[in-house]
There are 2 protein chains.
Amino acid sequence: MNFQEIIEVRRDGRRHSESELRVLADGAASGEIPDYQLAAWLMAAYLRPLDDQETAWLTQAMADSGERVDLTGLPKPWFDKHSTGGVGDKTTIIVLPILAACGMTVFKMSGRGLGTTGGTLDKLESVPGFRMDLGIAELKAQAKQIGLAVTGQTPNLAPADKALYALRDVTGTVESIPLLVSSILSKKIAGGAETILLDVKSGSGGFMRTAEGALDLARALARTAKACGLNCRLALTDMSQPLGSVGNAIEIGESLTILRNEASLDGEMRVRESCLELAGLSLASVKLAPGVREGREIAEAALGSGKALAKARDWFAAQGGSIDAELPMAPVQRSVAAGKDGWIAEIDAESVGVSVIAMGGGRKTKNDTIDPSVGVRVHVAVGSAVRQGESLFTICAGSDAMADRTEKSLRDAVVLSDLPVEKRPVVLQVF
Amino acid sequence: MNFQEIIEVRRDGRRHSESELRVLADGAASGEIPDYQLAAWLMAAYLRPLDDQETAWLTQAMADSGERVDLTGLPKPWFDKHSTGGVGDKTTIIVLPILAACGMTVFKMSGRGLGTTGGTLDKLESVPGFRMDLGIAELKAQAKQIGLAVTGQTPNLAPADKALYALRDVTGTVESIPLLVSSILSKKIAGGAETILLDVKSGSGGFMRTAEGALDLARALARTAKACGLNCRLALTDMSQPLGSVGNAIEIGESLTILRNEASLDGEMRVRESCLELAGLSLASVKLAPGVREGREIAEAALGSGKALAKARDWFAAQGGSIDAELPMAPVQRSVAAGKDGWIAEIDAESVGVSVIAMGGGRKTKNDTIDPSVGVRVHVAVGSAVRQGESLFTICAGSDAMADRTEKSLRDAVVLSDLPVEKRPVVLQVF
């Protein structure tokens, strides 16, 4: 079949056949379909969105476009977790050891960060010695032994998605729900998952800016996951304020604080809360708990008993790192204090994310290198009561000039109210 | 301005600024905007059509994207003619000498044929010695002296259109009226025209299949031409049956028969009728006649007096050819006769065009070479009364096998009715 005819089907809003979508995915993966034809199809798909059946077919076709990871030998159910990403989102690093401590086995492929949404790989690489170059066989053996392993995506995992995503990024066609759904789920399926937990974030620091958009995406993910035979649970979580501290090494430090069950600051408590809910949902999804509430209690017990920390210790060691390693620390540490008594009414997640990128702590484009040592420790959250002079943030910067700029951005990102402000739930909805 | 933002403006159906469309045209012309971004914009523009103001801005920006032909020194008004193309459309070759004989000066750039719509250049090149490689200065001198000159487009004429058209052709975005309009008019403006005659054809042998589509295109052309400051007249003409004979050398022969005022067959008379209407409209448009009817009478007189033929003689000679030259003739000539008495109810233009391409008389793709000698002489038209055994067509083919295939196609393309069928007007509407 001529790809131009496939473009015309989409353009005219007719329904694609499964075989048309396989031609698309295979042609995108092999490079046989030129970029300009893929780009035309993508814009047509943006403006004439795929229906649920088409989305499921495209997801499967993209999953089949490269190699599939075979998790045979690992205990079932084969579980994976995905977050749409957000400023300070480090939940994978905390949730995975909790789940392993509760008897699950998780073999996870993670991505790198781009823009204000960080990447788990980048965070783990800030741990001295942490290896992301282990082979699939080694990692499977590790997961079998200690219950978890994390690596980057193999180069040939869902190559159709890789090709289409690169084009979407430069043709204004990223924000299409069916295209987002097939991109997310195809990689999970190709990675071997059968049960997945999806964390869909909404707010200025996440991909979906509005709660409505995030809910639409979550519902579409749930429908397509079901159509593709996945057991899927979803959490809709808040990303209007940063999820705790931001910056690669800083986030590893905060994760370990929570795994040590030493969280105390409002920022840390919010991260902890998010992780316990996600862990509870995960445990319920694989029937290790009768429901989310019970799952959450089991997860909290794993934090309290030190079992989750022990799993993190084993995990870091298995991949060449150590939870006791000294993490990179930026030369300038500057506290940003409240100018008056009051309540935190807002901390704009996007602004915080952008200021960390500006310090070199994130990527503007794919080829940027990251300084893992810089970032912003976020001590408070919306609803925190603060006293004049109390530290809201600690900026970790490469220079005083950099700290000056960041301090200015942070002061603009925060709204302090004279009247009490309610704390906002971090998990908005689970389903 | 980032081109991705320009894509997003189109995608979201917002209005482009003039400067955005200049960025598009200049970036397409220079190659600075990658094809995949142009393709995404084109699909967005197909699905979210440009409004009239945007279309006019794009037209001017594309006209300005390369060199402009300067007709200074030629008498005004600077006139050009454009046809949307059709099977057997040879009107330029007849109308131009008529107009020159009536006192007009026409400097025209023509295109090559692609698909079933032939190109004036290809037709003229079937005349032995006819030169298309003369320089602009020589051609201007020729036009000044004898009133007409025809050449191919200079390589740098509206290069933005060249780049966008090549992409539209392979991304399912050809049939967008604003994109068609800007493509047609930008080349005319860059070619120096101030007054233009547009021949918009409708029917299976033309670009617009339906009369409604052709009318929409004609109206959009008229609006944009006006917005760009062009004096523009339009004819909507029928292309449901071939416009006389088809094939490059055959069409030159038919053109000369009409210029000699020797047309007699129904097919030839239809071509003659079309040319007289177009010439009349042209003469009226430049005020050499008070109205179309009077213009038509002046044109007919130029045919009758031999003045038009004399202009054609001068023209062919000026460009290295001769109206008396022996034209290439295919080795096999086969008459296709009517199987019974009756009236011609249909001759499907597209089928005739496709069968001539199949004989090598047209291009399927841009790089195909053309055999100028093959084609189909069409003796009849819809409404012609025919007797059993009377010749409807003469096939001019390279071989008997080729003639066999063409004969079969032609028999399928013709419907013969037992009841009288009315002749169809060739010019449907002028405005």
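Given the structure is predicted, the values throughout are model-derived calculations rather than measurements. (Residues numbered from 1 in each chain as written. Chains lettered and ligands numbered in written order. Predicted model: local features only at pLDDT ≥ 70, side-chain atom pairs only at ≥ 80, totals over all residues. Heavy atoms only, no water.)

Asks: Quick one: what's the story with the overall build of chain A, residue by residue and with numbers?
Replies: When you go through chain A residue by residue, the secondary structure sums to 16 helices and twelve strands. Expected size for 431 residues packed as a compact globule is a radius of gyration near 22 Å; at 21 Å, chain A falls within 12% of this value. Based on the C-alpha atoms only, the size of chain A along its principal axes is roughly 70 × 45 × 40 Å. Counting over 431 residues, chain A shows a buried share of 59%. Pairs at least 24 apart in sequence give 78% of the contacts found in chain A among residues at least 6 apart. With an accessible surface of roughly 16,100 Å², chain A has 49% of that area assigned to carbon and sulfur atoms. Of the side chains in chain A, 47 bear a positive and 54 a negative charge, and the two mean positions are spaced by 3 Å. (Helix = DSSP H or I, 4+ residues; strand = E, 2+ residues; numbered from the N terminus. Rg over C-alpha atoms; globule rule 2.2 N^0.38 Å. Buried < 20%, exposed > 50% of the residue type's maximum accessible area, 1.4 Å probe, protein only. Contact = heavy atoms within 4.5 Å. Areas by Shrake-Rupley, 256 points an atom, 1.4 Å probe, with all protein chains shown as cover. Lys, Arg positive; Asp, Glu negative; His and termini not counted. Charge placed at Lys NZ, Arg CZ, Asp CG, Glu CD.)

Asks: Can you break down the side chain of Gln142 of chain A residue by residue, with the values?
Replies: Residue and element names in this part refer to chain A. By secondary structure assignment, the location of Gln142 is in helix α7 (residues 136-146). For Gln142, a relative accessible area of 7% corresponds to the buried category. Beyond its immediate sequence surroundings of up to four residues, Gln142 is in contact with Leu134, Gly147, Leu148, Ala149, Trp315, Ala318 and Gln319.

Asks: How would you sum up the relation of the copies chain A and chain B? Please name residues and give values.
Replies: Laying chain A over chain B is done by rotating through 180 degrees and shifting 0.1 Å along the axis; what remains is an RMSD of 0.0 Å. Such a turn and shift between the copies fits a two-fold axis. The position closest to the rotation axis in chain A is occupied by the C-alpha of Tyr36 of chain A, lying 1.9 Å away. (Least-squares fit on C-alpha atoms with pLDDT ≥ 70 in both.)

Asks: Tell me what's going on with the interface of chain A and chain B, and back it up with residues and numbers.
Replies: Each side of the interface is counted separately: chain A has 22 residues, and chain B has 22 residues. Summed over both sides, the interface between chain A and chain B buries roughly 1,700 Å², with carbon and sulfur atoms accounting for 65% of that surface. When the buried surface of chain A facing chain B is broken down by residue, Arg11, Tyr36 and Leu47 of chain A rank first, second and third, together holding 34% of it. Here Arg11 of chain A makes a salt bridge to Glu175 of chain B, at a shortest N to O gap of 4.0 Å. Here chain A is connected to chain B by eight residue pairs in polar contact (both at pLDDT 80 or more). Mapped onto the side of chain A that touches chain B, the elements with two or more residues apiece are α1 (3-11), α3 (35-47) and α8 (159-171) of chain A. Split by residue class, the side of chain A that touches chain B holds ten nonpolar, five polar and seven charged. (Buried area = accessible area lost by both parts, 1.4 Å probe. Salt bridge = Lys/Arg side-chain N within 4 Å of Asp/Glu carboxyl O. Polar contact = N/O pair within 3.5 Å; in protein donor to acceptor, adjacent residues only side chain to side chain. Nonpolar A, V, L, I, M, F, W, Y, C, P; charged D, E, K, R; others polar.)

Asks: Describe in detail the packing of helix α11 (residues 248-259) of chain B against helix α12 (residues 266-285) of chain B, supporting the description with residues and values.
Replies: Two quantities define a packed helix pair, namely the angle between the helix axes and the distance between the axes. Residues and elements named next belong to chain B. Relative to each other, α11 and α12 sit at 70 degrees, their axes nearing to 10 Å. Taken together, the axes of α11 and α12 are roughly perpendicular relative to one another. Of the residues in α12, those in contact with Glu254, Thr257 and Ile258 of α11 are Gly267, Glu268, Val271 and Arg272. Of the residues that constitute the contact of α11 with α12, the class distribution is two nonpolar, two polar and three charged. (Axes fitted to C-alpha atoms, helices over the stretch in contact; angles between N-to-C directions. Parallel < 35°, antiparallel > 145°, perpendicular 65-115°, else oblique.)

Asks: Tell me about the sheet that holds strand β6 (residues 332-337) of chain B, residues and numbers included.
Replies: Residue and element names in this part refer to chain B. Overall, antiparallel pairing links the three strands, which are arranged β6-β10-β8 in an open sheet. Edge positions in the open sheet fall to β6 and β8 (375-378), since each of these has one partner strand only. Averaged over all adjacent pairs, the angle separating strand axes in this sheet is 20 degrees, with direction ignored. Taken together, the four bridges between β8 and strand β10 (residues 391-397) define a ladder with antiparallel strand orientation. Pairing of Arg377 across the sheet is with Thr394, part of β10. (Pairing = 2+ DSSP bridges.)

Asks: How would you summarise the environment of Gly398 of chain B if you had to cite specific residues and measurements?
Replies: Residue and element names in this part refer to chain B. Residue position: Gly398 is located in the loop between β10 and α16 (400-413). With 38 residues separating them in the primary sequence, Gly398 and Gly360 have C-alpha atoms 8.8 Å apart. Not counting chain neighbours up to four residues away, the residues in contact with Gly398 comprise Pro331, Val332 and Val374.

Asks: Report on helix α15 (residues 349-358) of chain A, specifying residues and quantitative values.
Replies: Residues and elements named next belong to chain A. Where α15 is concerned, the buried positions are Ala349, Val352, Gly353, Ser355, Val356 and Ile357. Of the surrounding secondary structure, the elements contacted by the buried residues of α15 are β7 (342-347), β8 (375-378) and α16 (400-413). After α15 finishes, the residue Gly360 shows a positive phi value of roughly 95 degrees.

Asks: Got a sec to walk through the domain arrangement of chain A? Specific residues and values, please.
Replies: All names here are of chain A. For chain A, the domain assignment lists domain 1 (3-48), domain 2 (78-318) and domain 3 (332-417). Summing both partners gives a buried area of about 980 Å² for domain 1 against domain 2, and 82% of it is carried by carbon and sulfur. For the pair domain 1 and domain 2, the interface holds zero salt bridges. At the surface where domain 1 touches domain 2, the tally comes to zero residue pairs in polar contact (both at pLDDT 80 or more). Where the side of domain 1 that touches domain 2 is concerned, the elements lending two or more residues are α2 (18-30) and α3. If you tally residues by element for the side of domain 1 that touches domain 2, the top one is α3, at eight residues. Partitioning the side of domain 1 that touches domain 2 into residue classes produces ten nonpolar, no polar and one charged. (Domains from an automatic or database assignment.)

Asks: Could you give an account of the packing of aromatic side chains, naming the residues involved and the relevant values?
Replies: In total, this model carries six aromatic pairs over all chains according to the counting rule given. Taken together, a centroid distance of 5.3 Å and an interplanar angle of 90 degrees make the contact between Phe130 of chain A and Phe316 of chain A edge-to-face. Separated by 186 residues along the polypeptide, Phe130 of chain A in the loop between α6 (120-125) and α7 and Phe316 of chain A in helix α14 (residues 307-318) bring together distant segments of the chain. Note on Phe316 of chain A: relative accessible area 1%, which makes it buried. Their ring planes at 85 degrees and their centres at 5.2 Å tell us that Trp315 of chain B and Phe316 of chain B sit as a pair that is edge-to-face. Just as Trp315 of chain B is buried, Phe316 of chain B falls in that class too. Put simply, the rings of Phe130, Trp315 and Phe316 of chain A touch in pairs and so form one group of aromatic residues. The ring of Trp78 of chain A is capped by Lys76 of chain A, whose NZ or CZ atom sits 4.2 Å from the centre of that ring. (Phe/Tyr/Trp six-rings, centres within 6.5 Å; stacked < 30°, edge-to-face > 60°. Lys NZ or Arg CZ within 6 Å of the ring centre and 35° of its normal.)

Asks: Hey, could you go over the confidence of the model for chain A for me, with residue numbers and the actual values?
Replies: Per-chain confidence: chain A averages 95 in pLDDT, with 100% of residues scoring 70 or above. Scored as a whole, the predicted complex attains pTM 0.89, and scored at its interfaces, ipTM 0.88. (pLDDT = per-residue confidence, 0-100.)

Asks: Outline the sheet that holds strand β11 (residues 414-417) of chain A, supporting the account with residue identities and numerical values.
Replies: Residues and elements named next belong to chain A. Read across the sheet, three strands follow the order β9-β7-β11 without closing on themselves; strand pairing throughout is antiparallel. The open sheet has two free edges, formed respectively by β9 (385-386) and β11, since each of these has just one partner strand. Direction of pairing for β7 relative to β9: antiparallel, over a ladder of two bridges. Note on β9: the bridge partner recorded for Gly342 is Val386. Lying over the sheet, α16 contacts β7 and β11, oriented at roughly 50 degrees with respect to β11.

Asks: Can you lay out the pattern of salt bridges for me, pointing to particular residues and giving the numbers?
Replies: Counting across every chain of the model gives 66 salt bridges over all chains. Bridged by salt links that share partners, the residues Arg334, Asp400, Asp404, Glu407 and Arg411 of chain A form one connected network.

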